[in-house]
Amino acid sequence: MAEWRTLADELAAFVLCGSCAGCDVPGTLLCDDCRGALAAQPVHTMTPGGMPVVAALAFEGVTARCIRRVKEDGETLLARPLGAALARAADQVRADHPHAALVPVPTGRAAFRRRGYRVPELLLRRAGFTPARLLVQTRRTADQRELDLDQRRRNVAGSMRARHARGARDVVLFDDVVTTGATIDEGARALRTAGFRVCGALALAATPKHRELAANTS
Ligand SMILES: [Zn+2]
C-alpha cells in the first residue's frame, strides 16, 4: 500500500509541476540538459577536523537549484536524479570501506515537522542505500546559512549523540550539503565517543566556499 501511495503522490506532483527545477523551461520537472548537469562529478575535500569528504557534485548552478527545490519547496521527485549522482560518488567511498554503515546527520525536529521528511535519509534511499539512523540531535541548533566557520562550530558543538555504542563498527557519515564541514565533524565526534570507527564522509554536494576553505587550511 505504502508503495502505491508514493507512486500516486509522485504522479500528482508530475501533473502539478510547472517548470524545470534547473532552468525554468516549462512543462517538465527536469529538462534533459539539466538532468545531464546532475551527472556525478565527485569533489574531494576535507573538514576542518581532517575528515575526508567525497561529494557527488559542486553546490552551484543546476545542482544548487535542484537541492533547494528538494529542501525548501518539497519537490521530493528531484531526489531521484540527485540520488543517482550520489550513488556514483558512494561507489568511490564504499570501494575503500565496503562494510561501513551510512549514517545520515540528524534532522532537527523543527525541520522534520516543516518538511515531513528527512532530506539526508531521502537522498540515501533514492541512491539505493538503507540509512543507519545512529545519530540524534540533543539540542536545537541555529540555522547555519549566515554563520561563518567558528560560529558554525560553536553552533553544533555537543549537539549530537550516538543512539547506541557499537565498538569498532565502521561508519561513513552523510550530509546533503557540506559547507564548512562543522556538522560532519560534530557527527564524527559523537560517533567516535560511542566507539564507532568513522572512515570518512559522503555528501551530495560541496559548496565552493567549502572548497576554498579546504584549500586555505591544507
Ligand atoms: Zn532545465
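Residues numbered from 1 in each chain as written. Predicted model: local features only at pLDDT ≥ 70, side-chain atom pairs only at ≥ 80, totals over all residues. Heavy atoms only, no water.

## Here's the deal with the sheet that holds strand β1 (residues 43-46)
Here's step 1: In space, the five strands of this open sheet follow the order β1-β2-β7-β6-β3, with mixed pairing throughout. Edge positions in the sheet fall to β1 and β3 (101-104), since each of these pairs with one other strand and no more. Geometrically, the sheet is characterised by an average inter-axis angle of 30° between neighbouring strands, direction not taken into account.
Here's step 2: Pairing between strand β2 (residues 52-58) and strand β7 (residues 197-206): five bridges, direction parallel. Bridging across to β7, Val54 finds its partner in Leu202.
Here's step 3: Its contacts with the sheet place helix α6 (residues 119-126) against β3, β6 (170-178) and β7, and it is angled at close to 110° to β6. (Pairing = 2+ DSSP bridges. Helix = DSSP H or I, 4+ residues; strand = E, 2+ residues; numbered from the N terminus. Axes fitted to C-alpha atoms, helices over the stretch in contact; angles between N-to-C directions. Contact = heavy atoms within 4.5 Å.)

## Thoughts on the packing of helix α4 (residues 79-96) against α6
Here's step 1: Two elements in contact, α4 and α6, have axes separated by 7 Å at closest approach and are oriented at 70°. Judged by the angle between their axes, α4 and α6 are roughly perpendicular. Contact residues: Ala79, Arg80, Leu82, Gly83 and Leu86 in α4; Leu122, Leu123, Leu124 and Arg126 in α6. (Parallel < 35°, antiparallel > 145°, perpendicular 65-115°, else oblique.)

## Focus: the packing of aromatic side chains
Here's step 1: Applying the stated criterion across every chain, the model contains zero aromatic pairs.
Here's step 2: When the ring centre of Phe112 is taken as origin, the NZ or CZ atom of Arg118, which lies over that ring, is 4.0 Å away. (Phe/Tyr/Trp six-rings, centres within 6.5 Å; stacked < 30°, edge-to-face > 60°. Lys NZ or Arg CZ within 6 Å of the ring centre and 35° of its normal.)

## Here's the deal with unusual backbone geometry
Here's step 1: For Asp24, which is not a glycine, the phi torsion comes out positive at approximately 75°.
Here's step 2: Take Asp24: it is sitting in the loop between α1 (2-16) and α2 (32-37).

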